[in-house]
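In case you want the letters, here they are:
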Amino acid sequence: MDSTDDTRRWPAALRRHVHAGAMDIEEQVDAAWRRFDARFGRNLPRHIAAYRGHGDARGIELLGRVLAEAPQGGPREDDDWWDNLLATYRRFESDEVPGVAVTLRFGTTEVSATTGPEGYYSATIEPAAPLREDCLWENAIASLDDGTLATPQPVLQVPSDARIGVISDIDDTILQSSITDWKTAAQLTFLHNARTRKPLQGVSKLYQALQDGPGDGARKAPIFYVSSSPWNLYDLLDDFMDLNAIPCGPVFLRDLGLDETKFIKSAGHGHKLERAAGLVERYPHLRWVLLGDSGQADAELYAEAARTFGDRIAAIYIRDVDPLLASALDKSVDAHIERVAGTSVPMLRARDSLAMAEHAAGLGLLDPARLPDIAAEVARDAKRPGLGEAATQEAVESAVEDTGKGVGKAARAVRDAAK
């Protein structure tokens, strides 16, 4: 039994007392550091992390963070495990800048926001003019109040006549994370980058097809991503989607800290259901496709969404993280499928992207003409080396490289001795 289970056995009053004390200590430490930074001119704004926003004619929702470090930039072709480890350390060691005034502009409308204790800003902008229906993405601009650090902030414009929206998990749904094996998950998180992380089979073509819809001239489906990963990994996830031709969309992650809404304090993955429910309510003209995996609580959360929202949910797809095994994970997912059997919501545990695509095509959610491309990508991706094979190959290549360096050193030593 882990420590989280132990703390849940504590009396509620004691848990609240301990948690309040921990939060108070955290706030005092943060305040002390802010006073130190202000006195010595440290922790000045150097970067606005402007996360992808979304909205419609009623309002544009923007979220971002002001940080004291310059942006890292994307992964390089020759980055090794040490470079990746340093990059991960820098992400988690990032210094936020609280109390900073930020100006946000969309079209001709400007609003101001102030960063909170963890450096985040959020704002809603009411557009002064109708949104462009022919353009899925438009840029807002985030800057400091003096106009410096002006940063484009992409905004997903949800079309008023779109019919379907997509909400997808990330880890083990589009991105190979092996979250059920903590050792492998840790290796992937800390020692790899957006170039070396691998998408699951057929994800790119499946999500492109879902975004394009049934091929009847309907508007593109907006895609949103939810994850239990911390906001510190946002740039890695954004780069990963771009590098692997996975349709981009707003990403909702979690903060690290002791607050009730944050990563360390929050148990389970309930925040993903909260985000999904918020989107379903925010865009009432859309029916939703929900995608997750069997390795976490996605089946339970999405089944709850089906019971809550009924036919607002068009379909639920749960990717089987161990399709070659009949596991306890499968039984858990199947139990939730049975629970929604009495609703109008189809829910499927799927072996791969092709199985999802075939089912979605049968429901009119994507064009059946896209199935051959998805099948080809699944087959091509299946030929990639698995995690174990990739690790072995990397070790062999490293050993060969080290051997080559050793031979070169020996040759130089012989040559020097002969002089």
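Note: the structure precedes this text.
Described in the following lines is the structure provided in the data block.

Calculation rules
Residues numbered from 1 in each chain as written. Predicted model: local features only at pLDDT ≥ 70, side-chain atom pairs only at ≥ 80, totals over all residues. Heavy atoms only, no water. Helix = DSSP H or I, 4+ residues; strand = E, 2+ residues; numbered from the N terminus. Buried < 20%, exposed > 50% of the residue type's maximum accessible area, 1.4 Å probe, protein only. Contact = heavy atoms within 4.5 Å. Pairing = 2+ DSSP bridges. Axes fitted to C-alpha atoms, helices over the stretch in contact; angles between N-to-C directions. Core = buried A, V, L, I, M, F, W, Y, C linked by side-chain atoms within 4.5 Å. Phe/Tyr/Trp six-rings, centres within 6.5 Å; stacked < 30°, edge-to-face > 60°. Polar contact = N/O pair within 3.5 Å; in protein donor to acceptor, adjacent residues only side chain to side chain. Parallel < 35°, antiparallel > 145°, perpendicular 65-115°, else oblique. Left-handed = near helix turned anticlockwise from the far one by under 90°. Nonpolar A, V, L, I, M, F, W, Y, C, P; charged D, E, K, R; others polar.

With respect to the helices and strands, I164 occurs in strand 9 (residues 164–168). The exposure class of I164 is buried, given its relative accessible area of 18%. Setting aside residues up to four positions removed in sequence, I164 forms contacts with A221, P222, L286, R287, V289, A314 and L365.

Next up on the list: the environment of I141. By secondary structure assignment, the location of I141 is in strand 7 (residues 137–144). Remark: the alpha-carbon pair of I141 and F106, spanning 35 residues in sequence, is separated by 6.6 Å. Discounting chain neighbours no more than four positions away, the residues touching I141 are T103, L104, R105, A150, T151 and P152.

This part takes up the sheet that holds strand 12 (residues 287–293). Each strand in a sheet pairs with another by means of backbone hydrogen bonds, the pair being arranged parallel or else antiparallel. The 6 strands are arranged 11-10-9-12-13-14 in an open sheet whose pairing can be described as parallel. Either end of the sheet is taken by a strand with one partner, and the two such strands are strand 11 (251–254) and strand 14 (347–350). Going across the sheet, the axis of each strand differs from the next one's by a mean of 15 degrees, ignoring polarity. Two elements, strand 13 (residues 313–319) and strand 14, share 4 bridges in a ladder whose sense is parallel. In the strand pairing of strand 14, R319 is matched with A350. Lying on the sheet, helix 8 (residues 298–309) is in contact with strand 9, strand 10 (223–230), strand 12, strand 13 and strand 14; it crosses strand 13 at an angle near 170 degrees.

Core analysis: the largest hydrophobic core is formed by 44 residues, its most contacted members being I174, Y225, L291 and L366. The biggest single contributor to this core is helix 10 (residues 353–362), with 6 residues. Formed by 30 residues, the second largest nonpolar core is a distinct cluster that contains F224, L279, W288 and V340.

The next point concerns the packing of aromatic side chains. On inspection of all chains with the given rule, the structure shows 7 aromatic pairs. With a centroid separation of 4.4 Å and an interplanar angle of 20 degrees, the aromatic rings of Y51 and W231 are classed as stacked. Residue Y51 is found in the loop between strand 1 (47–50) and strand 2 (53–56), and its partner W231 is found in the loop between strand 10 and helix 6 (234–243); the two are separated by 180 residues along the sequence. On the basis of relative accessible area, Y51 is assigned to the buried category, the value being 4%. With 6.4 Å between their ring centres and 10 degrees between their planes, Y207 and Y225 make a pair best called stacked.

Moving on: the pairing of strand 8 (residues 151–157). Across the 7 residues that make up strand 8, a large majority, 5, are buried. In this sheet, strand 8 lies alongside strand 2 in parallel orientation, the contact comprising 3 bridges. Within strand 8, the residue paired with G53 across the bridge is V155. Pairing of strand 7 with strand 8 involves 6 bridges; the strand directions are antiparallel. Within the sheet, the bridge partner assigned to N139 lies in strand 8 and is P154. Counting the residues in the hairpin turn of strand 7 and strand 8 gives 6 residues, including G147, whose phi is positive at 90 degrees.

This part takes up the side chain of D381. In this structure, D381 sits in helix 11 (residues 371–382). Of the residues examined, D381 reaches a relative accessible area of 12% and is grouped as buried. Within the structure, the side chain of D381 is placed 2.9 Å from the backbone nitrogen of G202, a separation counted as a polar contact. The residues contacting D381, other than those within four sequence positions of it, are L200, Q201 and G202.

Between helix 5 (residues 203–212) and helix 10, the shortest axis-to-axis distance is 9 Å and the interhelical angle comes to 20 degrees. Relative to helix 10, helix 5 is oriented roughly parallel. Classified by chirality, the crossing of helix 10 by helix 5 is left-handed. Here V203, L206 and L210 of helix 5 lie close against helix 10, whose contacting residues are S353, M356, A357 and A360. When the residues that make up the contact of helix 5 with helix 10 are grouped by side-chain class, the tally is 6 nonpolar, 1 polar and no charged.

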